[in-house]
Number of protein chains: 2
Amino acid sequence: MDYYSNQISRLIEELSCLPGIGSKSAARLAFHLIHMPLEDVDRLASTMVEARKNVRYCKDCCTLTDQELCPICSNGKRDHKTIMVVENTRDLAAYEKIGKYDGVYHVLHGAISPMLGIGPEDIKLKELIERLQGEVEEVIIATNSSLEGETTAMYISKLIKPAGIKVSRIASGVPVGGDLEYIDEVTLLRALEGRTQL
Amino acid sequence: MDYYSNQISRLIEELSCLPGIGSKSAARLAFHLIHMPLEDVDRLASTMVEARKNVRYCKDCCTLTDQELCPICSNGKRDHKTIMVVENTRDLAAYEKIGKYDGVYHVLHGAISPMLGIGPEDIKLKELIERLQGEVEEVIIATNSSLEGETTAMYISKLIKPAGIKVSRIASGVPVGGDLEYIDEVTLLRALEGRTQL
């Protein structure tokens, strides 16, 4: 990129290392940043650094937060006896956006994947088991419906069930509004197996 | 976004103000940044601020650069008698990537648009006229093929021609590999008007 001066090239290069940002979007972003008021660029830069420095795992549920306890775990109105297990903080956010679940969460930060060499000890599973020493009535496993997510769900269920805690898995099937003819065979089979009586 | 802690919400919010980044990509970027090594986040943040602080217009061609003269204008091997006029620095980069043009550029930073209230005095046109006092043989107008780009091209051509300098416009027509049936009428008409003898 000799046609851009040094600092512009470096900015484009660093931006294009971010996920989902190719070289064209990186150039677009870089020129946008260069045209932004200096105070806005300063604020964005320090927000990035501050968030990186201060964000850690919630002491209870392991979600990412800048407090010792996340807003959900520190909320006395939530049902702390029901724990929904998700793969990451964005999955937690997906359920929170609906606003219909009033239990708490446990964030694994990954899923078991023998292919990628990610074992049970590489995700926040030990922390989940520790939480079960307290008063817990149900563990809802909401890992993704992928091979890794299913493997993780099976593993957790086998681990917890002997303790006499209710374990459930979110339903897998045809998405609402989905057109049967475009849905893959595995999903169709799951939808058939999981059918409910009317 | 109560389900994210304060600093994460703020980071997502600021990132989603950038062009082409919606709320989902912003969340993805934010969590990527939080998982990056602190030194990498620090470097990205300071690159942004430094670029914003140091980048200015090239004294000759008005492109964005961190030096007084951009790498192209300060290159003695380029043909300084041929000036290609483009709307912005990214358009300049598009031609530089091909590596076949050895003249210099002039970056307008915009195009004349009566609709948006952008007049000739709002773009770097005065600077172009000043450059023509020197030894210039040809001005190639490479503004976009949009209404604004065409208006600007016409305006510049009328302004320069009386000075006896050769003015040309890049060709407009069917893009290479383009399928005639999917191309708009105006482009088809342009291609017909601009036909060359074989």
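If you're wondering where the values come from, they're calculated on a predicted model, not measured in any experiment.

Draft legend 1. Main features of the interface of chain B and chain A. In this complex, chain B contributes 52 residues to the contact, which on the side of chain A involves 52 residues. Taken over both partners, the interface formed by chain B and chain A buries close to 5,100 Å², and the fraction arising from carbon and sulfur atoms is 70%. The largest share of the area that chain B buries against chain A comes from Tyr3, Met48 and Arg52 of chain B, three residues that together contribute 15% of it. There are two salt bridges connecting chain B and chain A. Between glutamate 14 of chain A and arginine 43 of chain B there is a salt bridge, with the nearest N and O atoms lying 3.4 Å from each other. Viewed at the interface, chain A and chain B are joined by 18 residue pairs in polar contact (both at pLDDT 80 or more). At 14 residues, helix α3 (residues 38-54) of chain B tops the list of elements feeding residues into the side of chain B that touches chain A. The residue inventory of the side of chain B that touches chain A, partitioned by class, reads 29 nonpolar, ten polar and 13 charged.

Draft legend 2. Structural view of the side chain of threonine 152 of chain B. All names here are of chain B. The topology assignment puts threonine 152 in helix α6 (residues 147-160). According to the relative accessible area criterion, threonine 152 is buried, its value standing at 0%. With near-sequence residues (within four places) excluded, threonine 152 lies in contact with Leu108, Ala111, Ile112, Ile123 and Thr143.

Procedures and definitions
- Residues numbered from 1 in each chain as written.
- Chains lettered and ligands numbered in written order.
- Predicted model: local features only at pLDDT ≥ 70, side-chain atom pairs only at ≥ 80, totals over all residues.
- Heavy atoms only, no water.
- Contact = heavy atoms within 4.5 Å.
- Buried area = accessible area lost by both parts, 1.4 Å probe.
- Salt bridge = Lys/Arg side-chain N within 4 Å of Asp/Glu carboxyl O.
- Polar contact = N/O pair within 3.5 Å; in protein donor to acceptor, adjacent residues only side chain to side chain.
- Helix = DSSP H or I, 4+ residues; strand = E, 2+ residues; numbered from the N terminus.
- Nonpolar A, V, L, I, M, F, W, Y, C, P; charged D, E, K, R; others polar.
- Buried < 20%, exposed > 50% of the residue type's maximum accessible area, 1.4 Å probe, protein only.

So, to be careful, I would describe these as geometric facts and stop short of saying anything about function.
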